[in-house]
Structure formats: C-alpha cells, structure tokens
Amino acid sequence: MSDSEGPEGAARLNTTVAHNARVWNYWIGGKDNYEVDQRVGAQVAGMFPVIRDVARADRDFLGRAVRFLAEERGVRQFLDIGTGLPTVDNTHEIAQRIAPESKIVYVDNDPIVLLHARTLLTSTPEGVTDYLDADVHDPAAIVARAREVLDLDRPVAVMMLGILNFVLDDDEARLIVRRVMESVAPGSFLVLTHPTFDADVGGEGNAAAMEFWNAHATPPITARSRAETAAFLDGLDLLEPGLVPCSQWRAELHAPVVVPQFGAVAVKP
C-alpha cells in the first residue's frame, strides 16, 4: 500500500453527510454505509428507480472490461481512478486471476475507501496492488505517483468509471482525460462510464434525482449527453460496440436492461 495511507484519512471521515462511495455501496447491496447514506440513497432510488440497475450494470461492466483487456488485449497494468469501496471482484482480483503479474493502482480520496483499502486490496506475490489517496481534479499528481508503480512507457488501462460526472466543468473534465491519456503509452486504453440525461436510454429522471443529490449529499454530480460523453474519447480509437449503455457493452445476455449510463472502451493509437 501507499505511504499516503496515514491516520489522517480517518480524521476526515464525515458520517453526517451522504457520500457517493457509500451510497453506491448501498445501492449494490453492500454493508459499508451509514444511515445517512441509506436515507439519501433510498430517496434517490424512489425518485429514479433505475439507479439500482445503473449501479449493478456499472459494476458488471467493470468486470467485463477488465476481463476483455486482460484476456484479449494482454493488458497487465491498470490505473483505476475513482475506484470506490472494495467489493467482490475488484479490478485487481479480476486482472490477477487472469495474469498474476498484473499491476493495479487504485486512486480515490474518500476516507472510508482509504480505510478499506488497507485491508482488502491485496495482491498476488507476482503482481502489485497499490492505492493512492488523490483527487481526480489533480491529474498531474495522479500520474506522477502512479509512475512509481506502473511503467507508463508500456500500455496501461486507465479506468474512469463513474468519476468524470463529479467534475462539473466540461472543459476541466476533458482536460483531465487528455492529460492522463497523454501520459500513457500508445496502445493504452481508456475505460469509461458516465451517466446521462438522454431520454432514449431512460435518462430523463436523472435531472430531478441529481438535483436532490446535490442538495443533500456530496460530492455534487452532473450527467452529460451522448455527444458530450463521446468528447472524452477524442483522439482515441473507439472499440466495438462503441459508446453504448454500459449494460450492453459486450453483454453476455441477449437483451440486457438499458440503463442511462454510457460505457465505452477506447485505445490510444
């Protein structure tokens, strides 16, 4: 683990305000949440019932994407930005099950994630699993510290699942992606999910639910259209099946539920 995991993380833990990592954990049936997270999560789910499907679909997408990259593309390095609370089949578990020598660096700045990372994010003897207490708004720091573990001259899978929606400014969000992807080698991948308001995938209810969230929880969140989400992939080669609801990306089911959360995997040429 990173030496950034000091006791100061626990001091910053705030259980009086709902936090995304814990509410997300509540939506997927986890136990690492508090009453305030359950209360806000239940209210949002009442306003926008599909959110529980979104949470599960996003998690399932992660599993399919990591397996695809490790098995079919030979990726052995993963930079998982905005990892959230550890649960079953985390990025390192999937990747190292396929290739024990895989190296994974997790990045998050929620104190409860930091506390769980100390005990749950283990590694195979052949590989590495590390955790950085860092903020997505500071991509230079993320890259500099990730470089201590990962060889950025070799392909890396950059995971940004449900994280850019917490960067409210469109220009800043695009700049974050660009700076991280400029720092990794050609042949690297961007793995992305992002919520949307688009009606054709059931996103109309996101607006009211996010307005409630922003008034009662942290951090504030936004959704983006298909075109706005696609802009994060500029300069990259989008892999099939393209930018689609994350539940449908290389789905194993014939008719998976459609969720208002886009998912995509793209490669740096």
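Residues numbered from 1 in each chain as written. Predicted model: local features only at pLDDT ≥ 70, side-chain atom pairs only at ≥ 80, totals over all residues. Heavy atoms only, no water.

1. Re the overall build of the protein chain
To be explicit about the condition: Put simply, DSSP marks the helices as runs of H or I at least four residues long and the strands as runs of E at least two long, and each gets a number from the N terminus on. All radius of gyration figures rest on C-alpha atoms, and the globule criterion is 2.2 Å times the number of residues raised to 0.38. Throughout this description, buried means an accessible area under 20% of the type-specific maximum (1.4 Å probe, protein chains only), exposed means over 50%, and partly exposed covers the range between. By definition, residues are in contact when any of their heavy atoms lie within 4.5 Å. With residues, only the protein chains shown are counted as cover, and all accessible areas are computed by Shrake-Rupley using a 1.4 Å probe. In this tally, Asp and Glu contribute negative charge and Lys and Arg positive charge; neither His nor the terminal groups of the chain are included. A charge is said to be at NZ when it belongs to Lys, at CZ for Arg, at CG for Asp and at CD for Glu.
Regarding its fold elements, the protein chain presents ten helices and ten strands. In summary, the protein chain has a C-alpha radius of gyration of 17 Å against a globular reference of 18 Å for 269 residues, a match within 12%. By its C-alpha atoms, the protein chain is 45 × 45 × 35 Å across when sized along the principal axes. Among the 269 residues that make up the protein chain, the fraction classed as buried is 55%. Taking the intrachain contacts of the protein chain between residues at least 6 apart in sequence as the baseline, contacts between residues at least 24 apart amount to 74%. For the protein chain, the accessible surface area stands at approximately 11,300 Å², while carbon and sulfur atoms represent 51% of it. When the 24 basic and 39 acidic side-chain charges of the protein chain are each reduced to a single mean position, those positions are 2 Å apart.

2. A closer look at the pairing of strand β5 (residues 157-161)
Look at any regular strand and the pattern is simple: side chains alternate between the two faces of the sheet. The test is simple: Between any two strands, at least two bridges found by DSSP are needed for them to pair.
In terms of burial, β5 is a largely internal element, five of the five residues being buried. A two-sided burial pattern is seen for β5, the buried positions comprising A157, M159 and L161 on one face and V158 and M160 on the other. Pairing of strand β2 (residues 77-81) with β5, which is carried by three bridges, proceeds in the parallel orientation. Across the sheet, residue L79 finds its bridge partner in β5, namely V158.

3. Examining the layout of surface pockets
The line we're drawing: Site definitions follow a grid-based scheme: protein atoms alone, a 1 Å grid, a 1.4 Å probe that fits but cannot get out for cavities, and for pockets an open set with protein on both sides within 12 Å along at least five of seven lines, plus lining residues having an atom within 4 Å of a point. Grid points are joined across faces, edges and corners, and a volume is the space filled by probe spheres set on the points. Classes in brief: Ala, Val, Leu, Ile, Met, Phe, Trp, Tyr, Cys and Pro nonpolar; Asp, Glu, Lys and Arg charged; the others, Gly included, polar.
Approximately 790 Å³ is the volume found for the largest pocket. Lining the largest pocket are 42 residues, and of these N20, G162, I163, N165 and F166 sit closest to its centre. Of all the elements in the fold, those that place two or more residues in the lining of the largest pocket are α2 (20-27), α4 (51-72), β2, β3 (103-108) and α9 (206-216). Partitioned by chemical class, the residues of the lining of the largest pocket number 24 nonpolar, 13 polar and five charged. What lines the second largest pocket is a set of 17 residues, and nearest its centre among them are R56, A57, R59, D60 and R64.

4. Observations concerning the side chain of K268
To be explicit about the condition: Salt bridges, as used here, are contacts in which a Lys or Arg side-chain nitrogen is within 4 Å of a carboxyl oxygen on Asp or Glu.
Positionally, K268 belongs in the segment after β10 (261-267). The side chain of K268 sits in the buried core without any salt bridge; E182 is the nearest counter-charge, 7.7 Å away.

5. Considerations on the pattern of salt bridges
Two side chains that carry opposite charge are able to pair once their charged atoms sit near each other. The final tally for this structure, using the stated rule, is nine salt bridges. Residue D89 is joined to R97 by a salt bridge in which the shortest nitrogen-to-oxygen separation is 2.6 Å. Look at D89 and you get partly exposed, because its relative accessible area is 28%. One salt bridge in this structure joins R226 and D200, with 3.1 Å as the shortest N-O distance. Of this pair, R226 sits in helix α10 (residues 226-230) while D200 sits in the loop between β6 (189-195) and α9, placing them 26 residues apart in sequence.

6. Focus: the environment of R97
To keep things clear, this is the line we draw: In protein, a polar contact requires one atom able to donate a hydrogen and another able to accept it; more generally it is a pair of N or O atoms within 3.5 Å, and residues adjacent in sequence count only if both atoms are side-chain atoms.
By the secondary structure assignment, R97 is in helix α5 (residues 91-98). The class for R97 is exposed, based on a relative accessible area of 55%. With 59 residues separating them in the primary sequence, R97 and V156 have C-alpha atoms 17 Å apart. Polar side-chain contacts of R97 include one of 2.6 Å to the side chain of D89.

7. Focus on the packing of α2 against helix α3 (residues 35-47)
Definition in use: Between the N-to-C directions of two axes lies an angle of 0 to 180 degrees, each axis being a line fitted to C-alpha atoms and, for a helix, fitted only over the stretch in contact. With the far helix as reference, a near helix turned anticlockwise by less than a right angle produces a left-handed crossing, and one turned clockwise produces a right-handed crossing.
Closest axis-to-axis distance for the α2/α3 pair is 9 Å, and the angle between their directions is 65°. Between α2 and α3 the crossing geometry is right-handed. Facing α2, whose interface residues are R22, V23, Y26 and W27, α3 presents D37, Q38, G41, A42, V44 and A45. Residue composition of the contact of α2 with α3, grouped by class: six nonpolar, two polar and two charged.

8. Things to note about the environment of E211
Mapping E211 onto the fold places it in helix α9. Given a relative accessible area of 61%, E211 falls into the exposed group. For the pair E211 and I221, spaced ten residues apart in the sequence, the C-alpha separation amounts to 8.6 Å.

9. Notes on the packing of aromatic side chains
The test is simple: Stacked, edge-to-face and tilted labels apply to pairs of Phe, Tyr and Trp rings (six-membered ring for Trp) whose centres lie within 6.5 Å, assigned for plane angles under 30 degrees, over 60, and everything in between, in that order.
According to the stated counting rule, one finds three aromatic pairs in the structure shown. Consider the rings of F61 and W249, whose centres lie 5.4 Å apart with planes at 75°: the pair is edge-to-face. With F61 in helix α4 and W249 in the loop between β9 (244-245) and β10, this residue pair connects regions lying 188 residues apart in the sequence. Grouping residues by exposure puts F61 and W249 together as buried.

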